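# Geometric and topological summary
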Amino acid sequence: MEYNISKNGTYSVIMLEGEVDLYCSPDARKIILKELKKGDDMLIDLSKVSYIDSSGIACLVEGYQVANKNEIKFALLGVSQGAMNVLKLARLDNVFTIYNSFDDIK
Amino acid sequence: MEDTPIALIKNLTTHYDDVEILSDINLHVNTNEILVIMGGSGSGKSTLLRHMLGLNQPTSGDVELFGQDLKSMRMQDLCNLRQKIGVSFQGGALFNSMTVGENIILPLKEHTKLDDKTMQIMMRIKLEVVNLAGFENLMPDQLSGGMIKRVALARAIIMDPALLFFDEPSAGLDPVVSAELDELILTLKGAMNMSIVVVTHEIESAMKIADRIAVLDKGKLVQIGTKEEIRNSDHPRVRMLINRIPENIQPDSDEYMERLTRENNI
């Protein structure tokens, strides 16, 4: 898994790339939780994620929970079909705020 | 060129003592396929499953999973390979001294270094998937048969296996719960790209979930094909299974008497 952190407006954008599985999701978790400490609104860009498993989804859930507790906006961006299938299976597709692109963010 | 099958069985023959249980079985499981292994009681279905998991050694023949021959694998490699496999056993095989949640999390604790919070969320996600949200603190003896099957399934899929084995998902369940499990199996295939091997004697369930069906009878693979091919089969044993026709064997008198009397020299 590769990652990249950038800024877009008020959002801190974490782009995850490749496979987010049992072996690298601990890294994804650390990155997300560390970035959330800065207090910026957060977008997790999943458009380049080829595969995400339950451990990756669990990291997103924890990030969402921490963000909510600290009144930080937390949303997903460019969710691929594969990732969406996993979110739907866990019935999380209606829990997360999901944007197709930056243009959809108001 | 076709993809390498996720599971491949070549000329598998096995015995319990002198009794031949499986005879020259050849079959494969494709990636993202649901293969249903059907047959009556004692047809060798569960034995075949145990061989596919590398739990039993065959008399002859080979089993390959993910392109690797189980017979020639070192124990550590076999352990690593099994992390890509989930198994939901017929009776659930839950640890009665552990809560539902502890049972489901166990494979993660044994095989990963995930943070405890991640594991807890994963366990709760799987409970949501099997429609048992909030049951994590119950003990197995507080669950119904259908719930035990679903907890066993949640544990089998906790590591998001590429290959899932499900032994008799419908056995002992009412038709509604059974249908729910069928739906769940189809959902898992679609959402997680799993390859799934289901062992069952329930023809209705097989016809609903299978991409292909393998029919076993007395340890022999009598037919393998699509649902349509099985439905339209003219093989007498397959027709008996589909039409639920009881077997009426007329024993040879001499053989029968020999069987009845040989053990204790009556």
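Up top is the structure.
What this report covers is the structure whose coordinates are included nearby. (Residues numbered from 1 in each chain as written. Chains lettered and ligands numbered in written order. Predicted model: local features only at pLDDT ≥ 70, side-chain atom pairs only at ≥ 80, totals over all residues. Heavy atoms only, no water.)

## Remarks on the interface of chain A and chain B
- Listed by partner, the interface residues are 20 residues for chain A and 21 residues for chain B.
- In total, about 1,700 Å² of surface goes out of reach between chain A and chain B, with carbon and sulfur atoms giving 64% of it.
- Among the residues chain A hides against chain B, the three largest losses belong to A:Leu22, A:Ser54 and A:Leu89. Together they make up 35% of the total.
- Our count for the chain A to chain B interface comes out at two salt bridges.
- In this structure, the salt-bridge partner of A:Arg91 is B:Glu128, at a minimum N-O distance of 3.3 Å.
- Where chain A meets chain B, there are five residue pairs in polar contact (both at pLDDT 80 or more).
- Every element with two or more residues in the side of chain A that touches chain B is listed here: α1 (25–36), α2 (54–69) and α3 (81–89) of chain A.
- In terms of residue count, the dominant contributor to the side of chain A that touches chain B is α2(A) (seven residues).
- Residue composition of the side of chain A that touches chain B, by class: eleven nonpolar, five polar and four charged. (Contact = heavy atoms within 4.5 Å. Buried area = accessible area lost by both parts, 1.4 Å probe. Salt bridge = Lys/Arg side-chain N within 4 Å of Asp/Glu carboxyl O. Polar contact = N/O pair within 3.5 Å; in protein donor to acceptor, adjacent residues only side chain to side chain. Helix = DSSP H or I, 4+ residues; strand = E, 2+ residues; numbered from the N terminus. Nonpolar A, V, L, I, M, F, W, Y, C, P; charged D, E, K, R; others polar.)

## Overview of the pairing of strand β4 (residues 60–65) of chain B
Residues and elements named next belong to chain B.
- Across five bridges, the pairing between strand β1 (residues 7–16) and β4 is antiparallel. Looking across to β4, one finds that Leu-8 is bridged to Glu-64.
- Note: β4 against strand β5 (residues 68–69), two bridges, orientation antiparallel. Bridge pairing links Glu-64 to Asp-69 in β5.
- Linking β4 back to β5 in an antiparallel pair, the connection comprises two residues, with Phe-66 at a positive phi of about 50°. (Pairing = 2+ DSSP bridges.)

Functional significance is not addressed by these values, which are geometric in nature.
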